[in-house]
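Summary of the model geometry
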Amino acid sequence: MIPSDHFVRFYNEVFKFLDRNDGLEKYYLEISRHQEHHCLDLFSRKGIAGMREYWNVIAREENIISKSKKKGIVTNTKMISSDSHICPSLTKNLDNDAGVCEKYCLHCPGWVIPIFTKTGFYCVYDLINLLEPTCSMNVFAIREEAEEFKQQRIAGGADPALIYDNLDKADEIEANKIRLAPLRAQEAAKAEN
Amino acid sequence: MLRYQENNQLHRDFHGTTNTTLDYIADNYGVDALKSILQDTGEKVYKSIHDKLAAGDASELLEHLNWFYFREGAKYQLTVEPDEIKLEVFECPAIRHLKKMGLPVSKHACLQTSEVNAGMCKNTQWESSVEVIGEGHCIQTFRKKEC
């Protein structure tokens, strides 16, 4: 058994192998499909509130450290933002005798953005620096807000090469939003009762 | 002393991602590639265990086995002799969690044990083996090679 505590260091070895074999992108999609087991239904039914529910559990179980008590995973009904944390996963791999895979961080937008697309949300994911354990994941219900956020981020000095998004999937996102609207309305009514 | 101190909350769902990854690598790149990644993990990630074994010191290996199987809530028995370490795991915590999540257990699941252990022992005076008794039940053996 690889202890669950050490999974991310095994993951790091997998990424090194896949990078040598030009196979990272395809693998991210496999992990995304696996993660649907945890996220797809929750995000589909509850939207942003479901995301908050999911990441609150992750923050506790993965021992995510908040940089400031005032900042957490910031959400309102239209967006979720998580740029105020120290990533425990990269932190462990910066403390890894096998050395960190320089593309380690890419797996996060790689698996999570396809799930946002499937559940009708826009994501602007800024990795900031591949060797610093802080990134910024921002999810929006409204396309214009996501686009504006991305432009502001770049204007503020962010490296466009480290920003991943699904803004080019607007048609698919809008279609999924329409498809999921009755389910979300049903869920909201259930919550009110 | 353990190189990687882990005392915080456990995120057992990582066993699910490991399981998916084992199948993915084996299906797309072959079982030998999977074994090679797992052995690298044993040798390089657990470099301090490996280097100590190479120097004839099994103390960190023992601490590692004991702490992480205890921490994951396994029922196990660790038997230590000067030239042999045996760990009998009666219910693998990884397999138990996969079942709890309703995920099928990869047919390569036990390689994560046998190959990581082999990597830890690579080019040392120790060798490892894993005897699978039944699903989730195995005996892991580390034995000093005869000179």
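Residues numbered from 1 in each chain as written. Chains lettered and ligands numbered in written order. Predicted model: local features only at pLDDT ≥ 70, side-chain atom pairs only at ≥ 80, totals over all residues.

Description of the overall build of chain B
To keep it simple, the criterion reads: Counting from the N terminus, the helices are the DSSP runs of H or I reaching at least four residues and the strands are the DSSP runs of E reaching at least two. Only C-alpha atoms enter the radius of gyration; for comparison, a globular chain is expected to reach 2.2 Å times N to the power 0.38, where N is the number of residues. Field definition: a residue is buried when 20 or more other C-beta atoms are found within 10 Å of its C-beta, exposed when 12 or fewer are, and partly exposed for counts in between, with C-beta atoms placed from the backbone. By the criterion used throughout, residues are in contact when their C-beta atoms, derived from the backbone, lie within 7 Å.
Scanning chain B for helices and strands turns up six helices and four strands. What you see in chain B, going N to C, is helices and strands ordered as α-α-α-α-β-β-α-α-β-β. Here the C-alpha atoms of chain B give a radius of gyration of 15 Å, agreeing with the 15 Å that 2.2 N^0.38 yields for 147 residues. C-alpha atoms of chain B, sized along the principal axes, occupy 45 × 30 × 30 Å. Burial analysis of chain B (147 residues in total) assigns 41% to the buried set. Long-range pairs, those at least 24 residues apart, make up 57% of the contacts in chain B with a sequence separation of at least 6.

Here we look at the nonpolar core
Taken as a class, soluble globular proteins show a tendency for nonpolar side chains to be buried jointly. Inclusion rule: Take the buried Ala, Val, Leu, Ile, Met, Phe, Trp, Tyr and Cys residues, join any whose C-beta atoms are within 7 Å, and the set you get is a nonpolar core.
Of all hydrophobic cores here, the largest spans 72 residues; its most connected members are A:Cys123, A:Val139 and B:Leu61. Sorting elements by how many residues they give to this core places helix α1 (residues 7-20) of chain A first, with seven residues. In this structure B:Leu61 touches B:Ile49, B:Leu53, B:Ile85, B:Met120 and B:Phe142, once residues within four positions along its chain are discounted.

Comments concerning helix α6 (residues 111-121) of chain B
Residues and elements named next belong to chain B. Judged by how many residues are buried, α6 sits mostly within the fold: ten of eleven residues are covered. Along α6, the positions that sit buried rather than exposed are Leu 111, Gln 112, Thr 113, Ser 114, Glu 115, Val 116, Asn 117, Gly 119, Met 120 and Cys 121. Its buried side turned inward, α6 meets α1 (14-29), α2 (31-45), α3 (47-54), α4 (59-71), β3 (126-134) and β4 (137-144). Note on α6: the residue one or two positions beyond its end, Asn 123, has a positive phi of about 55°.

Quick look at the environment of A:His85
Position of A:His85 among the secondary structure elements: in strand β4 (residues 85-86). In this structure, the C-alpha to C-alpha distance between A:His85 and A:Ser136, residues 51 residues apart in sequence, is 8.7 Å.

Quick word on the packing of α1(A) against α2(B)
Definition in use: Axis angles are defined between N-to-C directions and span 0 to 180 degrees, where every axis is a line fitted to C-alpha atoms and, for a helix, only to the segment in contact. Note that the term roughly parallel is reserved for angles under 35 degrees, roughly antiparallel for angles over 145, roughly perpendicular for angles of 65 to 115, and oblique for everything else. Working rule for handedness: look at the near helix, and if it is turned counterclockwise from the far one by less than a right angle, call the crossing left-handed; if clockwise, right-handed. In this classification, Asp, Glu, Lys and Arg are treated as charged, Ala, Val, Leu, Ile, Met, Phe, Trp, Tyr, Cys and Pro as nonpolar, and every other residue, Gly included, as polar.
For the pair α1(A) and α2(B), the least separation of the axes is 10 Å and the interaxial angle reads 130°. Taken together, the axes of α1(A) and α2(B) are oblique relative to one another. The two elements α1(A) and α2(B) cross, and the hand of that crossing is right-handed. Along its contact with α1(A), which presents A:Arg9, A:Phe10, A:Glu13, A:Val14 and A:Phe17, the element α2(B) presents B:Ala33, B:Ile37, B:Asp40, B:Thr41 and B:Val45. In the contact of α1(A) with α2(B), the residues fall into six nonpolar, one polar and three charged.

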